[in-house]
Amino acid sequence: MPLDQVLVLLTAAAGAGWVDAVVGGGGLLQLPAVLMTGMPTVEAMATNKLSSVFGTTSAAVAYARSTKVDRQVVLPGAALAVVCAGLGAWAAASISTEVLRPAVIVVLLAVAAFVTLRPAMGAVPVPHLRTRSRVVAAVATAGVGIAFYDGVLGPGTGTFFIIAFTTILGLDFVSASASAKIINIGTNLGALAVFAVQGHVQWGLGLGMAVCNVAGAQFGARMALRRGASFVRIVLLCVVVAMVIRLGWQQFD
């Protein structure tokens, strides 16, 4: 691979690590960058997962040192996510993204409207929303539905986790982001294991990108912790709009 392409991928990996640590959606930067090299789609997704799992783990550690996570949600959610993301990765070659992408665009538009029209959402925690049934719903939504999507397509997974935790459990954006990272580790590991068994991972490139992804993730996590929920909300809206534009371009181009 030419040196200029490698430098572009390393830069994209660092940017993706920052975005992913703050609100998720780092795949919006990293996956298209890998695809631009001409790499087959499944190999690009696999290499993206290898880089992302290191960055996500790094961000999770940074958050865990400063923010309390809901273990009753993230531990069973992460365990389910490994399995369901693996199933999604296994099904990735047979599920048409042309069918899946419009549904994701509709969901993202709904998310953007919801966050815009409810500016108080995620600003402060709402503890009374955390009931037994809502905990079960959050685990199922994150560990099954969103995890499967991450294996099939991927971009925006962390963002969907954050929205699920703020709306279902009433977490603030920073706590939701911290919890999202732990389950996101599970989705990345599950998908990566399947891709690795199938022989799709470009290990050398992926590990090089992982170093930059970790650097970006550390910077992003510390910035989110320092600036708080209002900063995370702004970045979240920007990422959602960017994902809608990107997916819409792919769908209708």
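Residues numbered from 1 in each chain as written. Predicted model: local features only at pLDDT ≥ 70, side-chain atom pairs only at ≥ 80, totals over all residues. Heavy atoms only, no water.

A.B. asks: Which residues make up the overall build of the chain, and what values do they have?
C.D. replies: Regarding its fold elements, the chain presents 10 helices and 0 strands. Listed N to C, the secondary structure of the chain is α-α-α-α-α-α-α-α-α-α in terms of helices and strands. Against the compact-globule benchmark of 18 Å for 253 residues, the chain has a radius of gyration of 17 Å, which places it among compact chains. Reported as C-alpha extents along the three principal axes, the dimensions of the chain are approximately 55 × 35 × 35 Å. The buried share of the chain, taken over its 253 residues, is 55%. Contacts spanning at least 24 positions in sequence make up 84% of the contacts within the chain whose residues lie at least 6 apart. Of the roughly 10,900 Å² of accessible surface on the chain, a fraction of 70% belongs to carbon and sulfur atoms. Seen as two clouds, the 15 positive and the 8 negative side-chain charges of the chain have centres 15 Å apart. (Helix = DSSP H or I, 4+ residues; strand = E, 2+ residues; numbered from the N terminus. Rg over C-alpha atoms; globule rule 2.2 N^0.38 Å. Buried < 20%, exposed > 50% of the residue type's maximum accessible area, 1.4 Å probe, protein only. Contact = heavy atoms within 4.5 Å. Areas by Shrake-Rupley, 256 points an atom, 1.4 Å probe, with all protein chains shown as cover. Lys, Arg positive; Asp, Glu negative; His and termini not counted. Charge placed at Lys NZ, Arg CZ, Asp CG, Glu CD.)

A.B. asks: How would you sum up the environment of Val-139? Please name residues and give values.
C.D. replies: Of note, Val-139 is situated in helix H6 (residues 132-152). Val-139 sits in the buried class, given a relative accessible area of 11%. Once residues within four sequence positions are removed from consideration, Val-139 is found in contact with Gln-72, Val-73, Pro-76, Gly-77, Leu-80 and Val-144.

A.B. asks: Run through the side chain of Ser-51, naming residues and quoting values.
C.D. replies: Its location among the elements puts Ser-51 in helix H3 (residues 41-64). When its relative accessible area of 0% is taken as the criterion, Ser-51 is described as buried. Ignoring anything within four residues of it in the chain, the contact list for Ser-51 reads Ala-13, Gln-30, Gly-206, Met-209, Ala-210 and Asn-213.

A.B. asks: Can you break down the packing of aromatic side chains residue by residue, with the values?
C.D. replies: Applying the stated criterion to the full structure yields 3 aromatic pairs. Ring centres 6.2 Å apart and planes at 80° place the aromatic pair Trp-18 and Phe-231 in the edge-to-face group. Here Trp-18, found in helix H1 (residues 3-22), pairs with Phe-231, found in helix H10 (residues 229-252); they are 213 residues apart in sequence, far enough to count as distant. Taking 6.4 Å as the distance between ring centres and 10° as the angle between the ring planes, the aromatic pair formed by Phe-161 and Phe-165 counts as stacked. With a gap of 4 residues between them, Phe-161 and Phe-165 both fall in helix H7 (residues 157-169), about one helical turn apart. For the pair Phe-161 and Phe-165, one class covers both residues: buried. (Phe/Tyr/Trp six-rings, centres within 6.5 Å; stacked < 30°, edge-to-face > 60°.)

A.B. asks: Could you give an account of the packing of helix H4 (residues 71-91) against H6, with specific residues and numbers?
C.D. replies: Two elements in contact, H4 and H6, have axes separated by 6 Å at closest approach and are oriented at 30°. It follows that H4 is roughly parallel to H6 by the angle criterion. The two elements H4 and H6 meet at a crossing, and its hand is right-handed. Contacts between H4 and H6 involve Gln-72, Val-73, Pro-76, Gly-77, Leu-80, Ala-81, Cys-84, Ala-85, Leu-87, Gly-88, Ala-89 and Ala-91 on the former and, on the latter, Val-135, Ala-138, Val-139, Gly-143, Val-144, Ala-147, Phe-148, Gly-151 and Val-152. Here the residues of the contact of H4 with H6 are counted per class, giving 16 nonpolar, 5 polar and no charged. (Axes fitted to C-alpha atoms, helices over the stretch in contact; angles between N-to-C directions. Parallel < 35°, antiparallel > 145°, perpendicular 65-115°, else oblique. Left-handed = near helix turned anticlockwise from the far one by under 90°. Nonpolar A, V, L, I, M, F, W, Y, C, P; charged D, E, K, R; others polar.)

A.B. asks: Go over H1 with me, naming the residues and quoting the values.
C.D. replies: With 20 residues, H1 extends 29 Å between its outermost C-alpha atoms, agreeing within 8% with the 28 Å of an ideal straight helix rising 1.5 Å per residue. The secondary structure elements touched by the buried residues of H1 are helix H2 (27-35), H3, H7, helix H8 (173-197), helix H9 (203-227) and H10. Gly-24 lies just past H1 and shows a positive phi near 80°. (Expected span 1.5 Å × (residues − 1).)

A.B. asks: Go over the pattern of salt bridges, please, and point to the residues and values.
C.D. replies: Any two side chains of opposite charge can pair, so long as their charged atoms come close to each other. Scanning the entire structure with this criterion turns up 2 salt bridges. Of the charged contacts, one joins Asp-150 and Lys-49 as a salt bridge, the two residues approaching to 2.6 Å between their closest N and O atoms. Taken together, the positions of Asp-150 in helix H6 and Lys-49 in helix H3 put the pair 101 residues apart, joining distant regions of the chain. A relative accessible area of 2% means that Asp-150 is categorised as buried. With relative accessibility at 5%, the residue Lys-49 sits in the buried group. (Salt bridge = Lys/Arg side-chain N within 4 Å of Asp/Glu carboxyl O.)

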